[in-house]
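One-letter residues, chain by chain:
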Amino acid sequence: MMSISEKTSAALFSYVHGNNLVYNTCWEDPRIDRVALELTPDDTVAVITSAGCNVLDYALEQPKHIYAIDMNYRQNALLELKMAGIRHLEFDEFFQLFGRGRMPGFRELYRSRLRYALPPAAQVYWDDHLYFFEESGRRSSFYFHGTSGLFAWLINVYLNRRPGLRDGVNALLNAQCIEEQQEVYFGWLHKAFWNRFIRWAVGRDASLSLLGVPQAQRRQVERHYEGGIARFIEDCVEAVFAYLPLGDNYFWRVYLTGEYAGACCPEYLKEDNFHALKNGLVDRVSVHTDTMQGFLRSNDVAISRYVLLDHMDWLSAHRIAALEEEWQAIIERAAPRARILWRSGGLHVDFVDPIRVRVGGEEARLGELLAYRSELAAELHARDRVHTYGSFYIADLAAG
């Protein structure tokens, strides 16, 4: 039975996710996903939409089809807006919108060139949220909207008000090598930023909910990480800023500045890739508002690649029956040699292998059916530019 605090946290997380655009940019590194997925022209991909950035990234690898699936229609509306922009805008306009996160006259452009290209649910959502892209106001970037964007904006307010912090962040982002990053981070930023208040704030359930981190994921970290979630986050930030190259780390740049740079942005925001998507690759993507299980049950398609993000952390704590049903559907729709990717906030996932499924009329443990590519996963996880997940998994389905 859940405690009162657990019930309160779960209710807060459900409210945040059920009533908001949570992710305005993907918080998973598609560079390592591409290596793990090994996409071919014959592959069909089922992926949780999130902000749609990685869906478009995978499309550049030219698989047969990508099914973008999310139970939050707002996340799908964001991908639909990106797809409409690719089809109906010029590159400079598209980059202004999703690269800079703001566009003068966006309301008029939306009504004349984008709205008609959206499905009804996306039209309804964006009709009420065009202000996300306005230059005026305190949050003058799309990347400071949505719940994760609100958290990013609050961090930026803090950086701008604390003496020297903004200059330190700019110096860090402009560093030319790891040694220079370390000099700035350890000699300037670490002590100034990581005070008692910040350590307290990043460990609150309310803060984590804005970032899409449920209490179940927090518990996953705290089971194995000395110092708990706040220490884990601090160590992740240290790894990104002091030990991984920041020159192309667009994940952190956009939340620290509110915009991407031309040389530091997702692949879909690069001009050649934009044109490749416009010239037909974006048409290989379809968008579906549903759970992963619901989509698989209602669509008779063979899936060779699954990208499940980290949603199983929450299901394992609150809806284990739904997790079991999802895996049953994954197996039933899996093409031969299917591969599955997922992430976890925890350092170790122990809830997948014991799940029991039926294959060919026989019951089996999921762990007996999955062939893990553990060495590759560990190698890729160490290079992850986001670096906020506890673990990364690549598994081939032997029964496919």
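Report follows, based on the coordinates. (Residues numbered from 1 in each chain as written. Predicted model: local features only at pLDDT ≥ 70, side-chain atom pairs only at ≥ 80, totals over all residues. Heavy atoms only, no water.)

### Things to note about the overall build of the chain
- A tally of regular secondary structure across the chain gives 21 helices and nine strands.
- Carbon and sulfur atoms provide 51% of the accessible area of the chain, an area that totals close to 17,200 Å². (Helix = DSSP H or I, 4+ residues; strand = E, 2+ residues; numbered from the N terminus. Areas by Shrake-Rupley, 256 points an atom, 1.4 Å probe, with all protein chains shown as cover.)

### Observations regarding helix 10 (residues 178–193)
- In a regular helix each residue adds 1.5 Å, so 16 residues correspond to 22 Å; helix 10 covers only 20 Å between its end C-alpha atoms and thus falls short of that length.
- Taking the largest bend as the criterion, helix 10 deviates by roughly 40 degrees, centred on Y185.
- For helix 10, the set of buried residues is Q181, V184, Y185, L189 and F193. (Expected span 1.5 Å × (residues − 1). Bend = angle between axes of the 7 residues up to and from the residue. Buried < 20%, exposed > 50% of the residue type's maximum accessible area, 1.4 Å probe, protein only.)

### Description of the packing of aromatic side chains
- All chains considered together, the criterion is met by 32 aromatic pairs.
- Each ring, one from F98 and one from F142, has its centre 6.3 Å from the other, and the planes form 90 degrees; the classification is edge-to-face. Taken as a pair, F98 in helix 5 (residues 91–98) and F142 in the loop between helix 7 (120–127) and helix 8 (146–161) lie far apart in primary sequence, 44 residues in all.
- The buried category is assigned to F142, whose relative accessible area is 0%.
- Aromatic side chains F133 and F142 sit 4.7 Å apart centroid to centroid with 5 degrees between the ring planes, which places their arrangement in the stacked category.
- Here the basic side chain of R139 rests over the ring of W153, its NZ or CZ set 5.9 Å away from the ring centre. (Phe/Tyr/Trp six-rings, centres within 6.5 Å; stacked < 30°, edge-to-face > 60°. Lys NZ or Arg CZ within 6 Å of the ring centre and 35° of its normal.)

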